[in-house]
Every structure is written in structure tokens, then in C-alpha cells.
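Residues per chain are reported as follows:
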Amino acid sequence: MEKKKTLSFTFSIIAIILGVTLYKQFDFQQLKFEHTGLAIVYLIAFIFSIFIIIRGLRGS
């Protein structure tokens with residue numbers, strides 16, 4: 001049980017950091033990212049961390 005809580009907390013911190021980074025890199029006037037390649041990598045990691053968090057909450 002403790003391991004799931006630790007993983008969930010770790011991936012929560014990762015998701016917060018990646019979400020803030022993606023928000024800061026997005027240019028709202030031109031509706032695109034400053035560094036597209038890096039944003040794709042951040043987005044994949046962000047989606048993976050959210051997936052791990054949701055899977056941990058469901059108990060699967």
C-alpha cells in the first residue's frame with residue numbers, strides 16, 4: 001500500500017511540473033508551442049504520469 005502512495009505522489013509531482021512547463025511554453029497569440037519537439041516529449045510524459053495516477057486511484 002505504501003508503495004502505491006509513493007508512486008502516486010511521485011507521478012503527481014511530475015504531472016504538475018510538466019503541466020506548468022507546457023503551459024509556459026504555449027504561445028496563446030499564435031496558438032503553438034515555442035519548441036514543438038520538446039513539447040511533444042513533455043506531453044507524452046504528462047499523459048503517462050496522469051495515466052499512472054488514474055490507474056492507482058482505480059486500484060487496478
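Nothing here was measured: the structure is a model prediction, and the numbers come from that model.

Looking at the overall build of the protein chain
Right, so step 1: Within the protein chain one finds two helices and two strands.
Right, so step 2: Each helix and strand of the protein chain, ordered N terminal to C terminal, gives the series α-β-β-α.
Right, so step 3: Taken against the 2.2 N^0.38 rule, which gives 10 Å for 60 residues, the C-alpha radius of gyration of the protein chain at 14 Å runs more than 25% over that of a compact globule.
Right, so step 4: Here the C-alpha coordinates of the protein chain stretch approximately 45 × 15 × 15 Å along the principal axes.
Right, so step 5: Counting all 60 residues of the protein chain, 15% fall into the buried class.

A word on the side chain of Ser49
Right, so step 1: As for its position among the elements, Ser49 is in helix α2 (residues 36–58).
Right, so step 2: Residues contacting Ser49, with those up to four places away along its chain left out, are Phe11, Ile14 and Ala15.

Some points on the side chain of Gln25
Right, so step 1: Locating Gln25 in the fold gives a position in helix α1 (residues 2–25).
Right, so step 2: Residue classification places Gln25 among the buried residues on the basis of a relative accessible area of 11%.
Right, so step 3: When residues no more than four places from it in sequence are discounted, the contact partners of Gln25 are Lys32, Phe33, Glu34, His35, Leu38, Ala39 and Tyr42.

Regarding the packing of aromatic side chains
Right, so step 1: Under the criterion given, the structure shown has four aromatic pairs.
Right, so step 2: With centroids separated by 6.0 Å and ring planes inclined at 80 degrees, the aromatic side chains of Phe11 and Phe48 adopt a geometry described as edge-to-face. With Phe11 in helix α1 and Phe48 in helix α2, the pair connects residues that are 37 residues apart, well separated along the chain.
Right, so step 3: Judged by relative accessible area, Phe11 falls into the buried class, the value being 17%.
Right, so step 4: Geometrically, the ring pair formed by Phe26 and Phe28 is edge-to-face, given 4.9 Å between the ring centres and 75 degrees between the ring planes.
Right, so step 5: Under the relative-accessibility criterion, Phe26 is labelled partly exposed at 23%.
Right, so step 6: Taken together, Tyr23, Phe26, Phe28 and Phe33 form an aromatic cluster joined through their ring pairs.

Description of unusual backbone geometry
Right, so step 1: The backbone of Leu31 shows a phi angle near 55 degrees, a positive value even though the residue is not glycine.
Right, so step 2: With respect to the helices and strands, Leu31 occurs in the loop between β1 (26–27) and β2 (32–33).

Criteria and thresholds
Residues numbered from 1 in each chain as written. Predicted model: local features only at pLDDT ≥ 70, side-chain atom pairs only at ≥ 80, totals over all residues. Heavy atoms only, no water. Helix = DSSP H or I, 4+ residues; strand = E, 2+ residues; numbered from the N terminus. Rg over C-alpha atoms; globule rule 2.2 N^0.38 Å. Buried < 20%, exposed > 50% of the residue type's maximum accessible area, 1.4 Å probe, protein only. Contact = heavy atoms within 4.5 Å. Phe/Tyr/Trp six-rings, centres within 6.5 Å; stacked < 30°, edge-to-face > 60°.

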